[in-house]
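For reference, the chains in residue letters:
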Amino acid sequence: MAFQSKKLINDPNDVVTEFIEGLIETYPGLQYLDGFPEVKVVLRADVSGAKYDKVAVISGGGSGHEPAHAGFVGEGMLTAAICGDVFASPNVDSILAGIRAVTGPMGCLLIVKNYTGDRLNFGLAAEQAKSEGYKVEMVIVGDDCALPPPRGIAGRRGLAGTILVHKVAGAAAACGLPLSDVAAEAKCASEMVGTMGVALSVCTLPGQVTSDRLGPGKMELGLGIHGEPGAAVADLQPVDVVVSHVLKEILSSETNYVSITRGSRVVLLINGLGATPLMELMIIAGKAVPGLQLEHGLAVDRVYTGSFMTSLDMAGFSISVMKADQAILDRLDAPTKAPNWPVGAEGNGPPAKIPVPLPPSHSIQSDKTLSRPEKLSPQGHMLEAAIEAAATEIVTLRDNLNEWDSKVGDGDCGSTMFRGAVAILEDMKKYYPLNDPAETVNEIESSIRRVMGGTSGILYSIFCKAAYAKLKADAESVVTALHWADALEAAITAVSKYGGASAGYRTLLDALIPALSALKERLNAGDDPVDAFIISAEAVSAGAESTKHMQAQAGRSTYVPGDVLASVPDPGAMAAAAWYRAAALAVKEKASLPIEGITVPNPNSPTLPSRLKMIMLACCGIGVLLK
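Each value, and the rule that gives it
- Residues numbered from 1 in each chain as written.
- Predicted model: local features only at pLDDT ≥ 70, side-chain atom pairs only at ≥ 80, totals over all residues.
- Heavy atoms only, no water.
- UniProt positions renumbered as here; feature names shortened; annotations may be inferred.
- Pairing = 2+ DSSP bridges.
- Helix = DSSP H or I, 4+ residues; strand = E, 2+ residues; numbered from the N terminus.
- Axes fitted to C-alpha atoms, helices over the stretch in contact; angles between N-to-C directions.
- Contact = heavy atoms within 4.5 Å.
- Parallel < 35°, antiparallel > 145°, perpendicular 65-115°, else oblique.
- Left-handed = near helix turned anticlockwise from the far one by under 90°.
- Phe/Tyr/Trp six-rings, centres within 6.5 Å; stacked < 30°, edge-to-face > 60°.
- Buried < 20%, exposed > 50% of the residue type's maximum accessible area, 1.4 Å probe, protein only.
- Core = buried A, V, L, I, M, F, W, Y, C linked by side-chain atoms within 4.5 Å.
- Polar contact = N/O pair within 3.5 Å; in protein donor to acceptor, adjacent residues only side chain to side chain.
- Expected span 1.5 Å × (residues − 1).

The name that an unreviewed UniProt entry assigns to the protein is 3,4-dihydroxy-2-butanone kinase, with the source organism given as Anisodus acutangulus. The UniProt entry for the protein carries the following text under Sequence similarities (unreviewed entry): "Belongs to the dihydroxyacetone kinase (DAK) family."

So, in structure tokens, the structure goes:
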């Protein structure tokens with residue numbers, strides 16, 4: 001029977017900010033950014049981004065896993081930790097604030113656990129930071145060994161092995177290595193570690209009732225760290241049996257999740273999940289070491305036992321095994337002042353009481369208020385018409401998108417896209433600098449980020465931000481058709497990188513990738529830009545329709561039977577095709593219409609100078625691809 005849990009808290013909504021306040025009072029080497037409640041960032045008190053001469057190592061994620069991640073901030077480990085709400089990924093603005101606060105000329109490494117929300121939010125923050133001039137790399141950690149190789153792109157979850165990756169990366173950064181080397185060591189470490197967890201109880205979120213999912217005398221094998229069900233439920237067994245089973249799963253030669261074979265040197269991490277007494281954790285450690293030595297023929301060089309990455313008040317543990325060589329051991333043995341690393345944290349002096357101010361954005365527009373120009377140039381008129389047509393088409397298509405999504409997803413694709421389209425139409429009247437295509441794309445991203453939730457919102461934000469960065473880097477006074485095509489390619493690449501999908505996964509990319517291919521092919525062949533845009537719009541429609549015949553490998557559609565998927569196309573692909581096609585048709589129509597008393601010649605006219613034709617169409621038309 002479910003019952004209200006007992007918690008030593010005030011308002012459930014304040015638990016993370018109050019935790020951070022207590023943390024910095026306890027550890028003098030830590031401080032936080034003064035951005036509560038939206039920005040929850042813990043950082044080293046001795047680091048100022050503008051002056052910091054080493055690679056900053058940043059991690060984070062949802063709260064509820066303490067001491068991860070804030071407890072591992074300190075010299076020799078993390079430079080900053082970004083704290084989301086309980087079991088919720090931190091927002092992009094918080095991640096950006098952390099990057100700006102601690103990143104100097106050497107750049108920063110983001111270490112991210114493999115969960116979709118974390119990947120997307122940290123990914124978008126990375127793209128924004130790059131556009132501001134920061135050097136940023138990202139390493140994804142997926143050390144879960146509990147589940148068979150998954151379908152689609154979800155991959156292995158990030159668990160307690162992430163803490164070992166933090167230590168390796170932090171020690172490498174402390175040595176003054178460049179960003180590429182720190183990232184390489186972190187990636188190598190992430191590929192050498194495997195983890196599996198066991199739960200005896202279900203965790204309880206602050207202010208919620210305790211679940212009765214796991215009955216008496218039962219244990220759950222292969223759980224995650226967010227209270228989700230494990231891979232299997234079994235009768236509670238003696239700890240010898242449980243530990244032996246977990247080690248066999250991690251080291252299985254069938255799944256081959258980690259390349260550890262007999263004779264290897266390893267590091268062992270025994271992690272409590274929040275409500276497990278240290279006595280029991282030490283019992284587990286005492287059984288795991290001889291199990292690794294005698295049953296698996298491994299040399300155990302280091303053992304770390306304690307609570308590193310918890311799941312609120314869950315009773316249970318996880319075991320992580322990392323393949324080690326002398327270089328890894330040197331990184332793990334290197335000194336650190338991170339308070340919750342188990343090898344002697346140091347600190348001196350009273351805690352500072354004045355929060356560190358939020359750092360300003362490095363964006364070139366940070367000190368300017370963008371607005372719609374009083375007079376639009378011909379390219380501004382063209383861009384406005386295309387954006388308006390694309391957004392209006394999405395507004396019209398809302399119910400159809402929701403209907404399709406109700407069969408293969410959660411039924412809100414149309415509503416989500418509708419919110420973004422309405423915001424774009426409203427903001428365009430006031431804020432979009434339509435005579436500046438690149439900055440207009442950046443403002444579209446701001447509109448989307450403000451109102452579009454869910455995966456669609458973050459994917460389109462990444463899409464626009466990557467396109468904007470490419471335009472700013474490549475284009476000068478004139479944005480050509482090939483510039484726009486390159487920006488579309490950069491946007492598609494970013495969505496694929498951070499979302500994990502590619503062609504054939506049944507996503508919006510299956511509409512946009514054929515469009516990009518057709519567009520670049522026709523432009524390289526010397527076709528008129530408007531004609532190339534129209535041809536690529538035909539390709540985008542065909543690509544969207546083709547998703548009916550694809551097996552989903554991303555998103556909620558992954559769990560939908562194939563016969564259901566075959567009845568409708570992917571809603572995200574259809575939405576992308578709709579705005580793309582509408583924009584292309586608007587460009588074609590606008591190309592020969594008068595603009596405020598100025599007659600714009602037909603671009604196909606043989607008397608039109610070729611340079612004017614290219615400027616008129618390339619600057620204005622193709623830009624709407626990035627809506």
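Participant: Teacher, can you tell me more about the sheet that holds strand S7 (residues 136-141) here?
Facilitator: Each strand in a sheet pairs with its neighbour through backbone hydrogen bonds, running either in the same direction (parallel) or in the opposite one (antiparallel). Judged by pairing direction, the sheet is mixed, and its 6 strands sit side by side in the order S2-S3-S5-S4-S6-S7 without closing on themselves. Looking at the sheet topology across the chains shown, the edges are occupied by strand S2 (30-32) and S7. On average, each strand axis in the sheet is inclined to that of its neighbour by 25°, with strand direction left out of account. Pairing geometry for strand S4 (residues 56-63) and strand S6 (residues 108-113), over 4 bridges, is parallel. When the bridges of S6 are listed, isoleucine 58 appears paired with leucine 110. Where helix H5 (residues 179-190) meets the sheet, it contacts S6 and S7, and its direction lies at approximately 5° from that of S7.

Participant: When you look at the packing of helix H3 (residues 116-131) against helix H13 (residues 454-474) in this model, what are you seeing that I'm missing?
Facilitator: The packing of two helices is summarised by the inter-axis angle and the distance between the axes. It is the contact of H3 with H13, at a shortest axis distance of 9 Å, that shows an interaxial angle of 20°. Comparing their axes, H13 and H3 come out roughly parallel. Crossing angle aside, the handedness with which H3 passes H13 is left-handed. Contacts from Leu120, Asn121, Leu124, Glu127, Gln128 and Ser131 in H3 reach Thr455, Ile458, Leu459, Ser461, Ile462, Lys465, Ala466, Tyr468 and Ala469 in H13.

Participant: Whenever I open this one, the packing of aromatic side chains confuses me. Can you help?
Facilitator: Think of a pair of aromatic rings as described by two things: how far the centres are apart, and how the planes are tilted against each other in angle. The final tally for this structure, using the stated rule, is 7 aromatic pairs. Each ring, one from tyrosine 460 and one from phenylalanine 463, has its centre 6.2 Å from the other, and the planes form 55°; the classification is tilted. Remark: phenylalanine 463 and tyrosine 460 occur in helix H13; sequence separation between them is 3 residues, near one turn of the helix. Pair check on accessibility: tyrosine 460 and phenylalanine 463 agree, each one buried. With a centroid separation of 6.1 Å and 40° between ring planes, the pair formed by tryptophan 579 and tyrosine 580 is classed as tilted. A residue is classified by how much of its surface remains accessible, and tryptophan 579, at 0% relative accessible area, is buried. Of the residues examined, tyrosine 580 reaches a relative accessible area of 0% and is grouped as buried. Members of the aromatic cluster, each reached through a chain of ring pairs, are Tyr460, Phe463, Phe533, Trp579 and Tyr580.

Participant: Got a minute to help me understand the pairing of strand S8 (residues 193-199) in this structure?
Facilitator: The two faces of a sheet get side chains in turn, since along a regular strand they alternate between them. Of all 7 residues in S8, 7 are buried, a share of seventy percent or more. Neither face of S8 is exposed, since Val193, Thr195, Gly197 and Ala199 on one face and Gly194, Met196 and Val198 on the opposite face are all buried. Two strands pair when backbone bridges link them, and S8 and strand S14 (residues 316-324) are joined in this way by 7 bridges, in the antiparallel orientation. The residue of S14 that forms the bridge with valine 193 is methionine 322. In terms of strand pairing, S8 meets strand S10 (residues 218-221) through 2 bridges, oriented antiparallel. Within S10, the position partnered with valine 198 by the bridge is leucine 221.

Participant: Got a minute to help me understand the packing of helix H10 (residues 398-408) against helix H18 (residues 571-590) in this structure?
Facilitator: Contact pair H10 / H18: the axes reach a minimum separation of 9 Å and the direction vectors enclose 160°. The orientation of H10 with respect to H18, classified from their angle, is roughly antiparallel. Between H10, through Leu401, Trp404, Asp405 and Val408, and H18, the contact on the second element is made entirely by Pro571, Met574 and Ala575.

Participant: Looking at this structure, I do not really get the nonpolar core. What am I missing?
Facilitator: One broad trend across soluble globular proteins is that nonpolar side chains are buried collectively. Grouped together as the largest cluster of nonpolar side chains are 106 residues, with contacts concentrated most on Ile99, Leu110, Met417, Phe463, Leu512, Trp579 and Tyr580. Element by element, the count of residues in this core is highest for H18, at 11 residues. In this structure, Val15, Val16, Ala173 and Ile328 belong to the second largest nonpolar core, which totals 52 residues.

Participant: What exactly am I supposed to notice about the environment of serine 415 here?
Facilitator: Among the structural elements, serine 415 can be located in helix H11 (residues 413-430). By relative accessible area, which is 24% here, serine 415 ends up partly exposed. Taking the C-alpha atoms as reference, serine 415 lies 9.6 Å from leucine 397; in sequence the two are 18 residues apart. When sequence neighbours within four positions are dropped, the list of residues in contact with serine 415 reads Arg398 and Asn402.

Participant: I tried to follow the UniProt feature "binding site: substrate" (unreviewed entry) in the protein on my own but got confused; where do I start?
Facilitator: According to UniProt, the "binding site: substrate" (unreviewed entry) feature falls on Gly62, Ser63, Gly64, His65, Lys113 and Asp118. Relative to the helices and strands, glycine 64 is located in the loop between S4 and strand S5 (80-86). Looking at glycine 64, the relative accessible area reads 3%, which means it is buried. Leave out the neighbours within four places in its chain, and glycine 64 touches Phe87, Thr310, Ser311 and Leu312. Relative to the assigned elements, aspartate 118 resides in helix H3. Leave out the neighbours within four places in its chain, and aspartate 118 touches Gly60, Gly61, Ser89, Pro90, Val112, Lys113 and Gly123. Engagement of the side chain of aspartate 118 in a polar contact is seen with the side chain of serine 89, the distance being 2.9 Å.

Participant: Help me understand the side chain of glutamate 127, please; the structure alone is not making it clear to me.
Facilitator: You can see glutamate 127 is positioned in helix H3. The class for glutamate 127 is buried, based on a relative accessible area of 11%. A polar contact of 3.0 Å, which involves the side chain of glutamate 127, links it to the side chain of tyrosine 498. In this view, glutamate 127 contacts Lys465, Ala466 and Tyr498; residues no more than four positions away in its chain are not counted.

Participant: Just to check I follow, could you spell out the environment of phenylalanine 317 for this structure?
Facilitator: By secondary structure assignment, the location of phenylalanine 317 is in strand S14. For the pair phenylalanine 317 and glycine 274, spaced 43 residues apart in sequence, the C-alpha separation works out to 8.5 Å. Setting aside its immediate chain neighbours within four residues, phenylalanine 317 contacts Met196, Gly197, Val198, Val242, Asn271, Leu273, Thr276, Leu281 and Ile284.

Participant: Help me out: how do you make sense of helix H16 (residues 529-546) in this one?
Facilitator: Quick reminder: α-helices carry 3.6 residues per turn. Residues three or four places apart thus point the same way. In this model H16 runs 26 Å from its N-terminal to its C-terminal C-alpha over 18 residues, within 8% of the 26 Å that 1.5 Å per residue would give. Regarding H16, the residues found buried are Pro529, Val530, Ala532, Phe533, Ile534, Ser536, Ala537, Ala539, Val540, Ser541, Gly543 and Ala544. N-cap assignment for H16: the residue whose side-chain oxygen lies 2.9 Å from the backbone N of valine 530 is aspartate 528.

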